[in-house]
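One letter stands for each residue in the lines below.
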Amino acid sequence: MPAHPTPQRTAGGRRGPCCCLLFAVLPVAWLLAAPVLPERVFWFPIWLAAVIWNGEDGRGGIGQVFG
């Protein structure tokens, strides 16, 4: 063992807020790019939310949980 061990740095740091920042930037970037996007791409997030809420066949999804 060395006589004067140096403290080791811990892994980590400021990564926590960065992942949350990504989810905040994506909707803003989509709204800013919306005027130049094709119509099919523009409506994709809305379609995705509807599929999650209603299910693919319109009779399922998480919408059933809430009534």
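Above this text is the structure in question.
What comes next is a walk through the structure. Keep in mind it's a predicted model, so treat the numbers as computed, not measured.

Further remarks concern the overall build of the protein chain. From N to C terminus, the protein chain includes 3 helices and 0 strands. The helix and strand sequence of the protein chain, counted from the amino end, reads α-α-α. Counting only residues that meet the buried cut, the protein chain has 6% of its 67 residues in that class. When the accessible surface of the protein chain is summed, it comes to about 6600 Å², and 67% of that surface belongs to carbon and sulfur atoms.

A separate point is a nonpolar patch on the surface. A cluster of nonpolar side chains, contributed by Phe-44, Trp-47, Leu-48, Ile-52, Trp-53 and Ile-62, occupies part of the molecular surface with about 600 Å² of accessible area. With respect to the helices, strands and loops of the structure, Phe-44 is situated in helix 3 (residues 44-54).

Tallying each qualifying case throughout the model produces 3 aromatic pairs. The interplanar angle of 80° and the centroid separation of 5.2 Å between the aromatic rings of Phe-42 and Trp-43 together place this pair among those described as edge-to-face. Judged by its relative accessible area of 25%, Phe-42 falls in the partly exposed class. With a centroid separation of 5.6 Å and an interplanar angle of 35°, the aromatic rings of Phe-44 and Trp-47 are classed as tilted. You can see Phe-44 and its partner Trp-47 sitting in helix 3, 3 residues apart, about one turn around the helix. Using a relative accessible area of 44% as the deciding quantity, one classes Phe-44 as partly exposed.

The rules we used
- Residues numbered from 1 in each chain as written.
- Predicted model: local features only at pLDDT ≥ 70, side-chain atom pairs only at ≥ 80, totals over all residues.
- Heavy atoms only, no water.
- Helix = DSSP H or I, 4+ residues; strand = E, 2+ residues; numbered from the N terminus.
- Buried < 20%, exposed > 50% of the residue type's maximum accessible area, 1.4 Å probe, protein only.
- Areas by Shrake-Rupley, 256 points an atom, 1.4 Å probe, with all protein chains shown as cover.
- Patch = residues over 30% accessible without salt bridge, like charges linked within 9 Å, V, L, I, M, F, W, Y side chains within 5 Å.
- Salt bridge = Lys/Arg side-chain N within 4 Å of Asp/Glu carboxyl O.
- Phe/Tyr/Trp six-rings, centres within 6.5 Å; stacked < 30°, edge-to-face > 60°.

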